Amino acid sequence: MNTFLVFLEQREGVVKKASIDLWNRVQELAASNPGAAMSALLAGPADMRQLDGRLFGTGVLYHANEEGFRLYNPQQYAKLVAESLKRAGATTLFFADTALSRDLAPRLSVRLKASLLSGCTVDDAWVDGGGCRRPVYSGSAIASFVAERPLKMYTTTPRASSLSTTTSQASMTVELLEPCFTGEELFPLVRRLAMHKGVQDVAEAKIIVAGGRGMGSAEGFSLLEELAGLLGGCVGASRPVVDEGWRSHAEQIGQTGKTVAPALYLACAISGAPQHLAAIGSAGIVVAINRDPHASIFDVADYGIVGDVHLVLPKLIEELQEFLKKR
Ligand SMILES: Cc1cc2nc3c(=O)[nH]c(=O)nc-3n(C[C@H](O)[C@H](O)[C@H](O)COP(=O)(O)OP(=O)(O)OC[C@H]3O[C@@H](n4cnc5c(N)ncnc54)[C@H](O)[C@@H]3O)c2cc1C
């Protein structure tokens, strides 16, 4: 029998949406694999009520509710996951593709002699035999990978369509894990850079208003902030924008930034280079504004506006304000 273990990541006690989506996706995968069982690990203190109505299906949730696990600590987390795998009898481990899992999963795969398949979607993973398909060369080709080791690990990119899976309620058994947090650290935490409170993480956002080099300056992004505010979304950026220092790296979307899966992605003055497009493949609706009608972003956009952002965006903001006033 195949048992899946899903790693639920929390930050400051809030379980990441990407992890919840992942759990629901893997439930669907388990449903199509007769005899497969589900388990999850939540490392660190978190109020379990936040999961009510957001997880579906059945399974065992192991919760390491100890304060020592609140912050990511590679050695301790690796030990904890290894222990949970054993406890669950799991042979397949899933992580959402995040900064934490990009650090933890390779460590674990070496430690546990596991096959690590990174950057695929759950839909593109197969567990019978183990393997996945995923884009390579910045999305210009699809390659198939086969996992040869008995223990398989996947880091998976999000999918927008998994946002709606709240149909059937979960019937989860919660088991408290009581692992020993020893506090030993080979690489002690020197400083933790926190995002401003209340700022959405671009990797978790449902609506992203992203700007490229064509926004012209850091000040040009005030239009995007205003629009994102009206839509209840957050601002994203292409790499040149971050290289110029107009926006922080936390907002960078692309091969060397974050992978996103919003329901709506608004790309403003972004050309649509493969390294950028590789990270927005799971977006729901893509709207592009660009003054070049031949820009590659229009190849992936559902709706396109050919025009200057400095003319189009103020109009869009005005219209939206009017619309919101009438509601
Ligand atoms: C290894 C590697 C990793 C990379 N990782 C990333 C990554 O993570 N993320 C990423 O984004 N890129 C990444 N890149 C860079 C990528 O190749 C592109 O250079 C980058 O995405 C281009 O950003 P851009 O579209 O903002 O800028 P540009 O390519 O300069 O495009 C600007 C666009 O704005 C339009 N424009 C200009 N002015 C206006 C205006 N007033 N109104 C409307 N439209 C206007 C132009 O027509 C143009 O299409 C990576 C590259 C490499 C080699």
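See above for the structure.
This text gives an overview of the structure that appears in the document. This structure is a prediction, so every number in the text was calculated from the model and none was measured. (Residues numbered from 1 in each chain as written. Predicted model: local features only at pLDDT ≥ 70, side-chain atom pairs only at ≥ 80, totals over all residues. Heavy atoms only, no water.)

### Quick word on the site of the ligand
Right, on to step 1. Neighbouring the ligand are 25 residues, the closest being Arg213, Ser238, Thr256, Ser271 and Gln275.
Right, on to step 2. Within the backbone of arginine 239, a nitrogen or oxygen atom sits 3.0 Å from an oxygen atom of the ligand.
Right, on to step 3. Measuring from a nitrogen atom of the ligand, one finds a backbone N or O atom of isoleucine 253 at 2.9 Å.
Right, on to step 4. Starting from 970 Å² of accessible surface for the ligand in isolation, the protein chains cover 76%.
Right, on to step 5. At the level of elements, helix H5 (239-243), helix H6 (274-277) and helix H8 (309-326) are the ones that each hand at least two residues to the shell around the ligand.
Right, on to step 6. A class-by-class count of the residues in the shell around the ligand yields 6 nonpolar, 14 polar and 5 charged. (Near = heavy atom within 4 Å. Polar contact = N/O pair within 3.5 Å; in protein donor to acceptor, adjacent residues only side chain to side chain. Areas by Shrake-Rupley, 256 points an atom, 1.4 Å probe, with all protein chains shown as cover. Helix = DSSP H or I, 4+ residues; strand = E, 2+ residues; numbered from the N terminus. Nonpolar A, V, L, I, M, F, W, Y, C, P; charged D, E, K, R; others polar.)

### Observations regarding the nonpolar core
Right, on to step 1. Residues Phe4, Val6, Leu8, Val26, Phe94 and Tyr154 are the most contacted members of the largest nonpolar core, which totals 29 residues.
Right, on to step 2. Of all the elements in the fold, those that place two or more residues in this core are strand E1 (3-8), helix H1 (17-31), strand E4 (37-43), strand E6 (92-96) and strand E7 (115-120).
Right, on to step 3. It is H1 that provides the largest number of residues to this core, a total of 7 residues.
Right, on to step 4. Each residue touching phenylalanine 4, except ones within four places of it in the same chain, is listed here: Val26, Leu29, Ala30, Ala36, Ala37, Met38, Ser39, Ala90, Thr92, Phe94 and Val127.
Right, on to step 5. Within the second largest apolar cluster, 24 residues are counted, among which are Leu41, Phe69, Ala90 and Met153. (Core = buried A, V, L, I, M, F, W, Y, C linked by side-chain atoms within 4.5 Å. Buried < 20%, exposed > 50% of the residue type's maximum accessible area, 1.4 Å probe, protein only. Contact = heavy atoms within 4.5 Å.)

### Section: the sheet that holds strand E9 (residues 131-136)
Right, on to step 1. With antiparallel pairing, the 3 strands of this open sheet are ordered in space as E8-E9-E10. If you trace the sheet from one side to the other, it starts and ends with strand E8 (125-126) and strand E10 (141-146), each paired once.
Right, on to step 2. Sheet topology note: the E8/E9 ladder contains 2 bridges and is antiparallel. Pairing of tryptophan 126 across the sheet is with glycine 131, part of E9. (Pairing = 2+ DSSP bridges.)

### Quick word on the environment of alanine 278
Right, on to step 1. When you line up the elements, alanine 278 lands in the loop between H6 and strand E16 (285-290).
Right, on to step 2. Judged by relative accessible area, alanine 278 falls into the partly exposed class, the value being 42%.
Right, on to step 3. Through-space distance from the C-alpha of alanine 278 to that of glutamine 255 is 6.4 Å; in sequence the pair is 23 residues apart.

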